[in-house]
Amino acid sequence: MLGVDNTFAAIGGFFSKMAVVTFGGAYAVLAYMAQQAVETYGWLRPGEMLDGLGMAETTPGPLIMVVQFVGFLAAYRHPGMLPPMLAGTLGGLLATWCTFVPCFLWIGLGAPFIERLRDNKALTGALAGITAAVVGVILNLAIWFALHTWFRDTVPLRGYGVGFDMPVLTSLSPWALALSVAALVAILRFKAGTMQTLAACSAAGIVLYLAGFVAP
């Protein structure tokens, strides 16, 4: 009814498609969502996507709830005839609705057949292959977020069916890189908990910002 160029139509279409075709949990979905929201639709900038992920990681609830943040910003910046805050609120609710409704539909439709499907060797083999591919998708997410965390500027390179963001080496943030290394050492070497590591890195980031070592 609103037309394909309307922001709400774009939010509904994009998040519905994402919910239906993605597989492997939030970390697999977010790689696709982040790149589409930033590069294709231009709803928000890479740094804002990182902010949304950080808030989703440090608040109760599933990580995939970052879709509400993306939907809010998309509608807030393209409100049409509505007040921006109202448009943003509706955009966030729409993104959440379109993300979760297909999940419940699949569960409701497929639950009676789950035990029977486990004995289907062809389907089990296909799911095993998809699960292996999800590992690569999650790696893609890790690389995308790492690049935009460590480097303030990137240059998109496209050609021959391949596309990636080339970091501008002079825009490297040594403090962001140092915090990433410290977090890896804490988790892998000293077996620190995820929440303790997140809290420590957040506190360090606040201190560095207040001290003037990092820009907002």
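Here we summarise the structure given alongside this text. (Residues numbered from 1 in each chain as written. Predicted model: local features only at pLDDT ≥ 70, side-chain atom pairs only at ≥ 80, totals over all residues. Heavy atoms only, no water.)

**Concerning the pattern of salt bridges**
And step 1. In this structure the tally under the stated criterion is four salt bridges.
And step 2. Between R77 and E48 there is a salt bridge, and its shortest N-O distance comes to 2.5 Å. Here R77, found in helix α4 (residues 66–77), pairs with E48, found in helix α3 (residues 46–57); they are 29 residues apart in sequence, far enough to count as distant.
And step 3. For E48, a relative accessible area of 13% gives the class buried.
And step 4. The shortest N-O distance in the salt bridge between R158 and D165 comes to 3.9 Å.
And step 5. Judged by its relative accessible area of 52%, R158 falls in the exposed class.
And step 6. The class for D165 is buried, based on a relative accessible area of 11%. (Salt bridge = Lys/Arg side-chain N within 4 Å of Asp/Glu carboxyl O. Helix = DSSP H or I, 4+ residues; strand = E, 2+ residues; numbered from the N terminus. Buried < 20%, exposed > 50% of the residue type's maximum accessible area, 1.4 Å probe, protein only.)

**Structural notes on unusual backbone geometry**
And step 1. Phi at K191 is positive, roughly 55°, even though this residue is not glycine.
And step 2. Take K191: it is sitting in the loop between α8 (174–189) and α9 (194–210).

**With respect to the packing of aromatic side chains**
And step 1. Tallied over the entire structure, the rule returns nine aromatic pairs.
And step 2. Taking 5.0 Å as the distance between ring centres and 70° as the angle between the ring planes, the aromatic pair formed by F14 and F15 counts as edge-to-face. For the pair F14 and F15, a shared accessibility class is recorded, and that class is buried.
And step 3. On the basis of an interplanar angle of 90° and a centroid distance of 5.0 Å, the ring pair of W144 and F145 is categorised as edge-to-face. Across the pair, F145 and W144 agree in class, each one buried.
And step 4. What links up through ring pairs into an aromatic cluster is the set F14, F15, Y32, Y41 and W43.
And step 5. The ring centre of F190 lies 5.2 Å from the NZ or CZ of R189, which sits over that ring. (Phe/Tyr/Trp six-rings, centres within 6.5 Å; stacked < 30°, edge-to-face > 60°. Lys NZ or Arg CZ within 6 Å of the ring centre and 35° of its normal.)

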